[in-house]
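Spelled out, the chains give:
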Amino acid sequence: MSIRLHNIAKHFGSTQALEPINLDIHEGELVGLLGPSGSGKTTLLRIIAGLENADHSAQPGKILFGDRDVTNVHVRDRRIGFVFQHYALFRHMSVYDNVAFGLTVLPRKRRPSSGEIRARAFRLLEMVKLEHLANRYPAQLSGGQQQRVSLARALAVEPEVLLLDEPFGALDAKVRQELRRWLRHLHDELNFTSVFVTHDQEEALELSDRVVVMSNGRIEQIDTPDELYRAPKNRFVFEFLGDVNHLEGNVSNGVLTCGDAYWHVDLPDGHEELLLRPHEVRLTEQPTSESHLPVTITAISPVGAEVRVELEADWLAQPWLATVRHTDFEHLALRRGQRLFAHPRHWRRFPKVALNTAAQTHLA
Ligand SMILES: Nc1ncnc2c1ncn2[C@@H]1O[C@H](COP(=O)(O)OP(=O)(O)OP(=O)(O)O)[C@@H](O)[C@H]1O
């Protein structure tokens, strides 16, 4: 089931939660709504669900599920499954009853027989690997298990659209990771269309077919995770998707200078701010004829696939972060207090005048 939003806007009193938005979600897609707090993600999800009405204006917005105009259709009749962080399980019902609930309350005409309800609920419990806990009560489950029951409960009524609002928000990192895999797996196997809200970049990039990046009630970019990361449309998207180092200074005759640091860049004269990711910073013991960017290591974190190194310098307003391979870390014998030189491998600049102009990128 595709979802099409046309000219959807929302005010709460004088607060504009959403500027007029157009969004096409394809059938079978898993789409993440990503943005900082207050950017309008939940409002957009609630409007898709029918829990909130969009503004009625001179040009009222429209919501289509497939060919069906659901703009004025009640939430009950939109055939949607929900998994909301605060939409808790029924505490007085067993796991099995929670999952079967949606089917037992269907109107008689659409309600399956009790044997079928039982079979379907158990099939879903098997899918989320919880059939052995069918008789337990929610309070007797871990947070991750409860969210898996929520997922099974939402899927029991065979929704064509599944909406999830920060579904794994309250869980620890490892359980979140596991549940993401669950969701992706169920999504691919059952082939519904899903929209989920998150403020976690990693979650959005890992789970989504496409990500909708939002800020201030606006859509900044809609793209595949790969495209978003490689070709951010503006500075906001670039900064929101990961750690960023800033290099600010004046360019004159092809040399950017900042305090006692300088670097040859192919840019016209003027003030510049260049942005680079931690993996785009190379560290060496000596400067080169091209760059002289002296830095001091202030912290080292060797946890993970790469070593994270924090760098400070008089010419930097904010510390830089560099990620280096473990082999380079050992080779350079990096330690706190060590003085080194940074070399940008790659950088971007986002001209300030027009926020939405494409980034200029440069490979050093
Ligand atoms: N019921 C409401 N009444 C008044 N203002 C609201 C209401 N719901 C949301 N807002 C405002 O609308 C804007 C968007 O809120 P929304 O909850 O959609 O953001 P969000 O991106 O989901 O944020 P978060 O990640 O913090 O949940 C915010 O400025 C918020 O204060």
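Before reading on, note that the structure itself is shown above.
Criteria and cut-off values
Residues numbered from 1 in each chain as written. Predicted model: local features only at pLDDT ≥ 70, side-chain atom pairs only at ≥ 80, totals over all residues. Heavy atoms only, no water. Buried < 20%, exposed > 50% of the residue type's maximum accessible area, 1.4 Å probe, protein only. Helix = DSSP H or I, 4+ residues; strand = E, 2+ residues; numbered from the N terminus. Pairing = 2+ DSSP bridges. Phe/Tyr/Trp six-rings, centres within 6.5 Å; stacked < 30°, edge-to-face > 60°. Lys NZ or Arg CZ within 6 Å of the ring centre and 35° of its normal. Core = buried A, V, L, I, M, F, W, Y, C linked by side-chain atoms within 4.5 Å. Contact = heavy atoms within 4.5 Å. Salt bridge = Lys/Arg side-chain N within 4 Å of Asp/Glu carboxyl O. Lys, Arg positive; Asp, Glu negative; His and termini not counted. Expected span 1.5 Å × (residues − 1). Axes fitted to C-alpha atoms, helices over the stretch in contact; angles between N-to-C directions.

**Q** What exactly am I supposed to notice about the pairing of strand β20 (residues 339-344) here?
**A** It is a general feature of regular strands that their side chains alternate between the two faces of the sheet. With respect to burial, β20 is a largely interior element, 5 of its 6 residues being buried. Summarising the sheet, strand β17 (residues 294-301) and β20 pair through 3 bridges and their orientation is antiparallel. For T296, the partnering residue across the bridge sits in β20 and is R339.

**Q** Can you walk me through the packing of aromatic side chains in this structure?
**A** For any pair of aromatic rings, geometry is given as the distance between the ring centres together with the angle between the planes. Using the criterion set out here, one finds 7 aromatic pairs in the structure. Measuring from centroid to centroid gives 5.7 Å for F238 and F350, while their planes differ by 45°, and the two rings are tilted. Within this pair, whereas F238 is found in helix α8 (residues 235-240), its partner F350 is found in the loop between β21 (346-349) and β22 (360-363), the two being separated by 112 residues in sequence. The pair F238 / F350 is uniform in exposure class, with both members buried. Between W263 and W347 the ring centres are 6.4 Å apart and the planes differ by 80°, which places this aromatic pair in the edge-to-face class. Taken together, the residues span a long stretch of sequence, with W263 in strand β13 (residues 261-264) and W347 in strand β21 at a distance of 84 residues. For W347, a relative accessible area of 3% puts it in the buried group. A cation sits over an aromatic face here: R118 above Y96, 5.5 Å from the ring centre.

**Q** I'm lost on the nonpolar core in this one. Help?
**A** Generally speaking, a soluble globular protein has its nonpolar side chains buried in company with each other. By size, the foremost hydrophobic cluster in this structure holds 35 residues, and its most contacted members are V99, V149, L151, L162, L164 and L183. Elements that contribute at least two residues to this core include exactly α2 (95-104), α3 (114-127), α4 (143-156), β7 (161-165) and α5 (173-190). Look past the residues within four positions of L164 in its chain and what remains in contact with it is L45, V83, F84, L151, L183, S194, V195, F196 and V197. In this structure, V251, C258, V281 and W347 belong to the second largest nonpolar core, which totals 30 residues.

**Q** Can you help me understand the pattern of salt bridges in this one?
**A** A side chain of one charge can pair with a side chain of the opposite charge when the charged atoms of the two come close. Tallied over the full model, the rule gives 22 salt bridges. In this structure, the salt-bridge partner of R349 is E272, at a minimum N-O distance of 2.8 Å. One end of the pair, R349, is in strand β21; the other, E272, is in strand β14 (residues 270-276), and 77 residues separate them in sequence. For R349, a relative accessible area of 14% gives the class buried.

**Q** What's the story with the side chain of R78 in this structure? I'm lost.
**A** When you line up the elements, R78 lands in the loop between β5 (68-69) and β6 (80-84). Buried within the structure, R78 lacks any salt-bridge partner; its nearest side chain of opposite charge belongs to D69, at an N-O separation of 7.6 Å. Once residues lying within four places of it in the same chain are set aside, the contact partners of R78 are I47, I48, A49, G50, I63, F65, R68, V70, T71 and V73.

**Q** Is there a simple way to explain α4 in this structure?
**A** Think of an α-helix as 3.6 residues a turn; residues three or four steps apart then line up on the same face. Look at α4: 20 Å from first C-alpha to last across 14 residues, which is about the 20 Å you get at 1.5 Å a residue. In terms of residue burial, α4 counts as a mostly covered element, since 11 of its 14 residues are buried. Buried residues of α4: G144, Q147, R148, V149, S150, L151, A152, R153, A154, L155 and A156, and no others. Looking at the packing, one finds that the buried side of α4 touches β6, α2, α3, β7 and α5. Trailing α4 by a residue or two, E158 shows a phi angle of about 50°, which is positive.

**Q** Help me understand unusual backbone geometry in this model?
**A** Negative phi characterises most residues that are not glycine, and trans characterises most peptide bonds. With a phi angle near 60°, R79 is a residue other than glycine that sits in the positive phi range. Of note, R79 is situated in the loop between β5 and β6. With a phi angle near 55°, K129 is a residue other than glycine that sits in the positive phi range. Mapped onto the elements, K129 comes out in the loop between α3 and α4.

**Q** Got a minute to help me understand the sheet that holds strand β4 (residues 62-65) in this structure?
**A** Sheets are built from strands paired through backbone hydrogen bonds, the pairs being either parallel or antiparallel. What the 4 strands build is an open sheet, ordered β2-β1-β4-β5; its pairing is antiparallel. The open sheet terminates on both sides in strands that have one partner only, identified here as β2 (15-25) and β5. Relative to β5, β4 runs antiparallel, the two being bridged by 2 bridges. Counterpart to F65 in the pairing with β5 is R68. Running at roughly 120° to strand β1 (residues 3-12), helix α1 (residues 41-49) makes contact with β1, β2 and β4 of the sheet.

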